[in-house]
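# Summary of the model geometry
Here's the letter readout for the chains.
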Amino acid sequence: MTAVAEIPRAPAHGRAGRLAALLLLLVAAAVTGIALGSSSMPLDRLLPALVGQGAETDRLIVWGLRAPRVLLSALAGMALALAGLLLQRATRNPLAAPAVLGISDGAALGAVGFLFLFSDAANALTVGIYWQPVAASCGAAVFAVLVAVLARGAGGGPVGLVLHGFALGALAKAGVTLLMIAGPVYRASQASIWLAGSVHEARWSDVAVLTSLMALVLPMLLVLTARMDQLLLDDHSAEASGLPVRRTQALLMALAVVLTASAVSFVGAIGFVGLVAPHAARLLIGARALPAIAASALAGAAMVVLADIAVRLAFAPLEVPTGAATALIGAPYFLFILFRTGRAHA
Amino acid sequence: MHDRSRSNEEALKLSAAAAGYDERLVFSDLDLSIARGRVTALCGPNGCGKSTVLKAMRAMLPLREGGVFLDGKPLAGWAPKALAREIAMLSQSPSAPDEMTVADLVNLGRYAHRRGLARKGTADRQAVAAALAATDLAGLAHRPIGTLSGGQMQRVWIAMVIAQAAPVILLDEPTNHLDIAHALDTLSLVRRLSHEEGKTVVVVLHDLNLAARFADDIVFLKEGRVAAAGPVARIFHAQSIAEVFGIHCRVLSDEETGRPFCIPLAARGR
């Protein structure tokens, strides 16, 4: 076996092309998201405004209102999609996603609890806003640990995990509702954020904090790609190949918690992005971790930006939560894979 | 590569070992040594602890008492990658996503040889190519594994184990779902690995005649203890088989290979 044969090169799969197409879709969606709104803006006004010229009001609409909204949508979509990818890898469960496992609602409970505890009578926070993702992370972590412990104790396979997730998610959501009602009245106006997820209150400060969080987490993900690839194997084979399986799973779950909490603390529990985006990525470019990370992030970002455009156009001037649109696509897809997974494990 | 002067030395040893799951103790006070550079078959009735012994030898199952020793060094507290570079193992029912290609899966066997962020290097590529060639899979390198037959799939798993380039290889019933032709193929490959490259192989086998045909040594396990262990010619006889499996059988010797084989007659007491 000393013969040094080379493996014939893999046929070109056009992975790069498909990634580029996803990127293009995201950019197109973002530009559309900035151009469209209660007053849509033709390109000859949009482009000057984007580079800081043109009419004052156009600049204000583009840079003050719509750009942060679109950027926040994209960033939140990325974070949720990556959280979903990590959860699906860590649990080897195609049904896993932050919303499905109750982690999104846990994060929302953490964030709302934080607002409840640290707001003064004048509606102002008594501590820095950057503590909000920390509080959301705590909420998300508690629910992630609960769902992991309960599901492992009870067994029941992939669907069992989802059932525990849904039950815990319902519990967290009840907590959020109670805090909304018990809290100051002005919080009720934020109900659409904390109960369904919405980007309509986007601010540049939100974009900045979420960007920094992503800048922290993404390099960690890149370091973990080899481990994520090993996790495609079953537990036993992965461990035999030299992977510390339990430690890796815990690490991926922890990152998923932080990503979920980061997104949820600014846009609320937008559902099904974390479920659908990694699936779309896998269909497009396969299971390898590095391209899967890129494709999931792009798909998730595009999905939320497009969902936001859809709710703005279809229901204007009402503010319908973005999460309603993602759920409209995501929930049927979820039922489809639930059906398939249930059959496979019957 | 095969250092004859070191063969018949002890490669792997369980010493006064006890292990089990939850409440159940599968074996205790077990002493078992595996000779270097030989194929050792682990045989015994269902539930005798074959797989558990294999897991314990790979330090995948914490021992409650005693120790595992590789080349005389205790295996406790090794880093996962360092351990994987010394001992490769194939479980009974390994799995990976259907859409993964053969080459990608075999490449996962190289994980223990990669440091930190390092990408696939020349050594990895060569190891994967050699493993594919040894298992006659080069032509299927870019096929998704979901399209392969059971026999091909088993060769892919063995290729992954070969790519791991560990001197010790543990195989848990590698012929389990294979027809006789593929079983022979697989075990011939295992034997070549040992005899041409000096690998120490421990293989759990259900089929006694395959064990007698391909192994150098046999370990008969019964109820968590070693009933008999040693070279095939010395161990494989009607009396030991009767004792371990509770059957009557006749053991004959094949003229051409000189290997014993057994013809089962009846379960004892029937």
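Residues numbered from 1 in each chain as written. Chains lettered and ligands numbered in written order. Predicted model: local features only at pLDDT ≥ 70, side-chain atom pairs only at ≥ 80, totals over all residues.

Of the regular secondary structure elements, chain B holds 9 helices and 12 strands. By its C-alpha atoms, chain B is 60 × 40 × 40 Å across when sized along the principal axes. A burial count over chain B gives 45% of its 270 residues as buried. The long-range fraction of contacts in chain B, counting pairs at least 24 apart against all pairs at least 6 apart in sequence, stands at 65%. (Helix = DSSP H or I, 4+ residues; strand = E, 2+ residues; numbered from the N terminus. Buried ≥ 20, exposed ≤ 12 C-beta atoms within 10 Å, placed from the backbone. Contact = placed C-beta atoms within 7 Å.)

What follows deals with the overall build of chain A. Within chain A one finds 14 helices and 0 strands. Of the regular secondary structure in chain A, the N- to C-terminal order runs α-α-α-α-α-α-α-α-α-α-α-α-α-α. Computed over its C-alpha atoms, the radius of gyration of chain A comes to 21 Å, within 12% of the 20 Å expected for a compact globule of 346 residues. The dimensions of chain A, computed from C-alpha atoms along their principal axes, are 75 × 50 × 35 Å. The buried share of chain A, taken over its 346 residues, is 49%. Residue pairs in contact within chain A that sit at least 24 positions apart in sequence constitute 78% of those at least 6 positions apart. (Rg over C-alpha atoms; globule rule 2.2 N^0.38 Å.)

Before going further, it helps to spend a moment on the sheet that holds strand β5 (residues 73-74) of chain B. Residue and element names in this part refer to chain B. If you walk across this open sheet you meet the 4 strands as β2-β1-β4-β5, and the pairing is antiparallel. Taken across any chain shown, the strands that pair with only one partner, and hence form the sheet edges, are β2 (24-35) and β5. As judged from the 2 bridges shared by strand β4 (residues 65-70) and β5, these two strands associate in the antiparallel manner. For phenylalanine 69, the partnering residue across the bridge sits in β5 and is proline 74. Each of β1 (10-21), β2 and β4 is contacted by helix α1 (residues 50-57), which is oriented at about 120° to β1, the strand it contacts most. (Pairing = 2+ DSSP bridges. Axes fitted to C-alpha atoms, helices over the stretch in contact; angles between N-to-C directions.)

All right, on to the pairing of strand β10 (residues 225-231) of chain B then. Looking at chain direction, strand β9 (residues 217-222) of chain B and β10 of chain B are connected through 6 bridges and run antiparallel. Across the sheet, the residue bridging to phenylalanine 220 of chain B is alanine 228 of chain B, located in β10 of chain B.

Let us now look at the packing of helix α4 (residues 122-134) of chain B against helix α5 (residues 150-163) of chain B. All names here are of chain B. Two numbers describe how α4 lies on α5: the axes approach to 8 Å, and their chain directions differ by 140°. Judged by the angle between their axes, α4 and α5 are oblique. Every pair of crossing elements has a handedness; the one defined by α4 and α5 is right-handed. When α4 is examined against α5, the residues Ala127, Val128, Ala131, Leu132 and Ala134 are found in contact with a partner set consisting of Ala159, Ile162 and Ala163. Taken together, the residues that form the contact of α4 with α5 break down as 8 nonpolar, no polar and no charged. (Parallel < 35°, antiparallel > 145°, perpendicular 65-115°, else oblique. Left-handed = near helix turned anticlockwise from the far one by under 90°. Nonpolar A, V, L, I, M, F, W, Y, C, P; charged D, E, K, R; others polar.)

This brings us to the confidence of the model for chain B. Residues and elements named next belong to chain B. Mean pLDDT over chain B stands at 89; residues scoring 70 or higher make up 95%. This model gives residues 1-7 a pLDDT under 50, and the stretch forms 11 contacts once residues within four places in sequence are excluded. Of the two predicted TM-score estimates for the complex, the pTM is 0.88 and the ipTM is 0.90. (pLDDT = per-residue confidence, 0-100.)

Another aspect to go through is the interface of chain B and chain A. Each side of the interface is counted separately: chain B has 35 residues, and chain A has 26 residues. Elements with a minimum of two residues in the side of chain B that touches chain A: α2 (80-86), β6 (87-90) and α4 of chain B. A total of 8 residues in the side of chain B that touches chain A trace back to one element, the largest contributor, which is α4 of chain B. Partitioned by chemical class, the residues of the side of chain B that touches chain A number 23 nonpolar, 6 polar and 6 charged.

In a pair of packed helices, the angle between the axes and the distance between the axes together describe the arrangement. Residues and elements named next belong to chain A. Close contact between helix α3 (residues 56-91) and helix α13 (residues 289-315) brings their axes to 7 Å; oriented N to C, the two are set at 135°. Here α3 is positioned oblique relative to α13, judged by the angle of their axes. At the point where α3 passes α13, the crossing takes the right-handed sense. Across the interface between the two elements, Arg69, Val70, Ser73, Ala74, Ala76, Gly77, Met78, Leu80, Ala81, Leu82 and Leu85 of α3 pack against Ala292, Ile293, Ser296, Ala297, Ala299, Gly300, Ala301, Met303, Val304, Val305 and Asp308 of α13. Of the residues in the contact of α3 with α13, the class split is 16 nonpolar, 4 polar and 2 charged.

Further remarks concern unusual backbone geometry. A positive phi angle, near 75°, is found at phenylalanine 272 of chain A, a position not held by glycine. Phi at aspartate 71 of chain B takes a positive value of approximately 50°, unusual for a residue other than glycine. Its place among the elements puts aspartate 71 of chain B in the loop between β4 and β5.

Attention now moves to the environment of threonine 341 of chain A. Residue and element names in this part refer to chain A. For threonine 341, the location among the structural elements is in helix α14 (residues 322-344). Judged by C-beta crowding, with 17 C-beta atoms within 10 Å, threonine 341 ranks as partly exposed. For the pair threonine 341 and valine 159, spaced 182 residues apart in sequence, the C-alpha to C-alpha distance is 7.8 Å.

Residues and elements named next belong to chain B. Pairing is mixed across the open sheet formed by 6 strands, whose spatial order is β6-β7-β8-β3-β9-β10. Lying at the two open borders of the sheet, with one neighbouring strand each, are β6 and β10. Strand-to-strand, the axes of this sheet are offset by a mean angle of 15°, without reference to chain direction. Bridge count between strand β3 (residues 39-43) and β9: 4 bridges; the pairing is parallel. Among the inter-strand pairings, alanine 41 is bridged to a residue of β9, identified as isoleucine 218. Each of β3, β7 (168-172), β8 (200-204) and β9 touches α1; the most contacted strand, β8, lies at about 150° to it.

Across its 20 residues, helix α8 (residues 204-223) of chain A extends 29 Å between first and last C-alpha, which sits within 8% of the 28 Å expected from 1.5 Å per residue. Summarising the contacts, the buried residues of α8 of chain A are in contact with α3, α5 (131-154), α11 (245-267) and α13 of chain A. (Expected span 1.5 Å × (residues − 1).)

Moving on, we come to α5 of chain B. All names here are of chain B. With 14 residues, α5 ought to run about 20 Å at 1.5 Å a step, and its terminal C-alpha atoms sit 20 Å apart, in line with that. When you tally the buried positions in α5, you get 11 out of 14 residues, the bulk of the element. Among the residues of α5, Met153, Gln154, Arg155, Val156, Trp157, Ile158, Ala159, Met160, Val161, Ile162 and Ala163 are the ones counted as buried. Packed against the buried residues of α5 are β6, α3 (102-107), α4, β7 and α6 (180-197). Taken from the residues just after α5, alanine 165 is the one with a positive phi, measuring 55°.

Generally speaking, nonpolar side chains in soluble globular proteins are found buried as a group. Residues Ala76, Leu82 and Val305 of chain A together with Val106 of chain B are the most contacted members of the largest nonpolar core, which totals 199 residues. Considering every element that reaches this core, the biggest residue donor is α3 of chain A, with 18 residues. Residues in contact with valine 106 of chain B, not counting those within four places in the same chain, are Val128, Ala131, Leu132, Val156, Ala159, Met160 and Ala163 of chain B. (Core = buried A, V, L, I, M, F, W, Y, C linked by C-beta atoms within 7 Å.)

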